[in-house]
Amino acid sequence: MAEPTLDEWKRMYYALVRIRQFEAQVQRLAGAGEIPGFPHLSTGQEAVAVGVCAHLSRDDVLFTSHRGHGHVLAKGSDLERTFAEILGRDSGLCRGRGGSMHLVDSGAGVLGATGVVGGNLALAAGAAWAAQAQGKNTISVVFFGDGTTGAGVFHETLNLSALWRLPLLFVCENNGYAEFTSREEHSNVQHVSSFAVPYAIATKTIDGNDLPTVYAAAHEAIAALRRGAGPYLLECMTYRMAGHYVGDAQPYRSKEELAAIKEKCPIERLKIRLVAEGVTQQELDEIGERARQEVLQGVERARAAARPDPATVLDHVYRSPSLHSIP
Amino acid sequence: MQYTFIEILRRALDEELARDGAVHLLGEDVAAGGAFGVTRGLAQKYGDKRVRNTPISEAAITGLATGAALCGLKPVLELMFIDFATLAMDCLVNQTAKYRYMSGGQVAVPLVVRTQAGAAGGAAAQHSQSLEAWFIHVPGLVVVAPAAPAEAYGLLKSAIRLGDPVLFIEHKRLYTMKETLAEGAPLPEIGKARVARTGTDVTIIAYSAMVQSALEAAAELARVGVSGEVIDLRTLLPLDMTTVATSISKTHRVVIAHEAVLNGGVGAEIAARIGSELFDELDAPVGRVGCPFAPIPFAPGLEQALLPGSGAIVHAVRELLGAPAQARE
Ligand SMILES: Cc1ncc(C[n+]2csc(CCOP(=O)(O)OP(=O)(O)O)c2C)c(N)n1
Ligand SMILES: [Mg+2]
């Protein structure tokens, strides 16, 4: 792997802050009652999104979970249209039909998020199968949480993708929690990567909060996938710095645990590394401020955008309106 | 040429595989011909990449087919028994059906899920069900249930070309039925019912194997001077209420017959719509025929005792005719 240049690291630093700021705005506006539903933030997990998506082209496809804002932005979806979707605007990626948990942006290769835990896994395998059948060299990536490994379809999809040698990258964001319950209470299997072993799926458990580690591991995994080596399961140990959903008071976390959060922050950790390489704190602050401004402007434009016309509520149920004869 | 239901499905699949390279068949044992032999020989002809065996993973293979459909394939998935669709329900209901809508029309799921339903030959409670009503409750799905071989041929081809997800329900009792295929006939439009027999006294609405029972009932009724019109719905979602209305405007009496239990069944929906849309046309209450509310039993005598057939339809029609017909202006 060619080590990224310092400029490339700075761009990735920008991408991390951009996601962090984006979700800070989601949190703020959800709190203000401007965002319907229950958005889930990936705050603290951004390095996984940025480190993996750095290796994807637009033609590669991505499926994400209920915690997908970061993945979608890192894959290249337009920031304003993504935010507009979360606000339920007509200019949103899905014209306000999807929202935070159902982001689709086919132009950017974002083929969907799922509100049903585990619902994205087999779809991602299907996309990988399609690429294989069409003789393409593209891959399919699916992001999911550690709690998702309790779902039967996770195991079915591991088996199927190994059997068919699908170009499918499983990226597990192991943040130690499923909602309010710790991993220990969910499974006897400590590491999600263990599940790959019986299916002979290549796998690795890595520090998901260290961007250079994620970048290097994703590079290796994706290179193998593009060579046709079959699926790969990358387990990224990470930490959700926010609540499960916006508004979660997190009574299940101890004070000590909450106090240690900053050390885990992937942005702080990359900052330390970049400073060690000679980047000044001032330059990093400037990069962060640029990201913040981009987000604020995008968010304001999204907020100003029109809401969907209620008269269009029945659009897109079927391709042909003639099939839509139900009252 | 004459074909059985199974042979004609195979011919339709063969032709669609030949016509469109995006069409792929998948399911448990399909490369080996499938549990009922529908796909026999197709893997030899098109290769085991286009006619592909899967593990026994109904949730994952339905998701796989859906994901592939999002990316340009036109998969035809075989779910061996509709009873097993319960394992694929999350995908069908939460993903497959909703993708077009949730994405604001960006993507589509051109998928056909072929499955096999109904009671016959002691298949018993877990291999005999008629679960179609569950699916007509889901916006975004299309549900097709052919009543005869030639119908199945055209409807399957139309389903594969539709561009929206179709649950295609084949009745196991029809599999050995033989029929001549009229070559070159235009493909039926999905969403349109057909009049399987014309009549003037009573409309019998049915679908799938029950259409055959309805035709037998109409023949029997004809012998006692009652002229029954039989509507084969073909598509259960959407329902073709136009064809239903045309018929009821003529006969003013209607019996809806299906093998599924009555409670919450397709017939309940049709009856409700007739009640609200065609109330003034009715000379008698809407009659319904369906399975009594019990699982399908194993022993032949019990299975027979439970299943509604032509006799139950004749009985229901006679009850309707016995009801005092109001004078119409
Ligand atoms: C099938 C299903 N069951 C339960 C839920 C409710 N739920 C939403 S997120 C979540 C936890 C998921 O945990 P994990 O996979 O670890 O992802 P994380 O939230 O930690 O990112 C649960 C139980 C759901 N959405 N879908
Ligand atoms: Mg988790």
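The structure this text deals with has already been given above.
Read on for an overview of the structure. Sequence order as written defines the numbering, with residues in each chain counted from 1. A letter from A marks each chain and a number from 1 marks each ligand, given out in the order of writing. Selection of residues for local features in this predicted model requires a pLDDT of at least 70, selection of side-chain atom pairs for listing and counting requires 80 or more, and totals for whole chains, interfaces and linings are taken over all residues. Each side-chain value is derived from all of the structure's non-hydrogen atoms; neither hydrogens nor water enter the calculation.

Regarding the interface of chain B and chain A
Turning to step 1, where the next piece is worked out: Contacts: residue pairs with any heavy atoms within 4.5 Å of one another. Each partner contributes to the interface: chain B provides 50 residues, whereas chain A provides 46 residues.
Turning to step 2, where the next piece is worked out: Buried area: the sum, over both parts, of the accessible surface (1.4 Å probe) that disappears when the two are put together. A buried area of about 3,700 Å², summed over both sides, lies between chain B and chain A, and 64% of it is on carbon and sulfur atoms.
Turning to step 3, where the next piece is worked out: Salt-bridge detection follows one rule: a side-chain nitrogen of Lys or Arg within 4 Å of a carboxyl oxygen of Asp or Glu. At the boundary of chain B with chain A, the tally comes to zero salt bridges.
Turning to step 4, where the next piece is worked out: Polar contacts, as counted here, are pairs of nitrogen or oxygen atoms within 3.5 Å of one another; within protein the pair requires one atom able to donate a hydrogen and one able to accept it, and residues that are adjacent in sequence qualify only if both atoms are side-chain atoms. Inspection of the chain B/chain A interface yields 17 residue pairs in polar contact (both at pLDDT 80 or more).
Turning to step 5, where the next piece is worked out: Numbered from the N terminus, helices here are DSSP runs of H or I no shorter than four residues, and strands are runs of E no shorter than two. Among the elements that make up the side of chain B that touches chain A, the one with the highest residue count is helix 3 (residues 58-70) of chain B (ten residues).
Turning to step 6, where the next piece is worked out: Each residue gets one label: Ala, Val, Leu, Ile, Met, Phe, Trp, Tyr, Cys and Pro are nonpolar, Asp, Glu, Lys and Arg are charged, and the others, such as Gly, are polar. Tallied by class, the residues present in the side of chain B that touches chain A amount to 25 nonpolar, 16 polar and nine charged.

Details of the sheet that holds strand 3 (residues 140-145) of chain A
Residue and element names in this part refer to chain A.
Turning to step 1, where the next piece is worked out: Spatially, six strands are ordered 2-1-3-4-8-7 in an open sheet, and the strand pairing comes out parallel. Of all the strands in the sheet, the pair left with one neighbour each is strand 2 (110-112) and strand 7 (202-207). Going across the sheet, the axis of each strand differs from the next one's by a mean of 20°, ignoring polarity.
Turning to step 2, where the next piece is worked out: Pairing of strand 4 (residues 168-174) with strand 8 (residues 232-237) involves six bridges; the strand directions are parallel. Residue pairing in the sheet places Glu173 in a bridge with Cys236 of strand 8.
Turning to step 3, where the next piece is worked out: Each axis is a line fitted through C-alpha atoms, taken for helices only over the stretch in contact, and angles between the N-to-C directions span 0 to 180 degrees. Strands strand 1 (61-63), strand 3 and strand 4 of the sheet are contacted by helix 5 (residues 121-133), whose axis makes an angle of about 170° with strand 3.
Turning to step 4, where the next piece is worked out: Here helix 8 (residues 211-226) sits on the sheet and contacts strand 4, strand 7 and strand 8; the angle it forms with strand 7, its principal contact strand, is near 170°. Two strands make a pair as long as DSSP finds a minimum of two bridges between them.

Digging into empty space enclosed by the protein
All names here are of chain B.
Turning to step 1, where the next piece is worked out: Space inside and on the surface of the protein is sampled on a 1 Å grid over the protein atoms alone, with a cavity defined as a set of points where a 1.4 Å probe fits but cannot get out and a pocket as an open set with protein on both sides within 12 Å along at least 5 of 7 lines; lining residues have an atom within 4 Å of a point. Grid points are joined across faces, edges and corners, and a volume is the space filled by probe spheres set on the points. Evaluation of the coordinates by the stated rule reveals four cavities of 30 Å³ or more.
Turning to step 2, where the next piece is worked out: What the largest cavity holds in volume is close to 110 Å³.
Turning to step 3, where the next piece is worked out: Lining the largest cavity are 15 residues, with Ser130, Glu132, His171, Tyr207 and Ser208 positioned closest to its centre.
Turning to step 4, where the next piece is worked out: At the level of elements, strand 7 (166-171) and strand 13 (254-261) are the ones that each hand at least two residues to the lining of the largest cavity.
Turning to step 5, where the next piece is worked out: Per element, the largest residue contribution to the lining of the largest cavity is three residues, and it comes from strand 7.
Turning to step 6, where the next piece is worked out: Here the residues of the lining of the largest cavity sort into seven nonpolar, five polar and three charged.
Turning to step 7, where the next piece is worked out: Marked domain ranges trace back to an automatic or database domain assignment. Residue contributions to the lining of the largest cavity reach at least three from each of two domains, namely domain 1 (2-180) and domain 2 (194-321).
Turning to step 8, where the next piece is worked out: Counted as a void, the second largest cavity has a volume near 50 Å³.
Turning to step 9, where the next piece is worked out: For the second largest cavity, the lining is made up of 14 residues, of which Phe36, Glu78, Arg114, Glu170 and Tyr175 are closest to its centre.
Turning to step 10, where the next piece is worked out: For the lining of the second largest cavity, the secondary structure elements donating two or more residues are strand 4 (74-79) and strand 5 (112-117).
Turning to step 11, where the next piece is worked out: A per-element tally of the lining of the second largest cavity places strand 5 first, with three residues.

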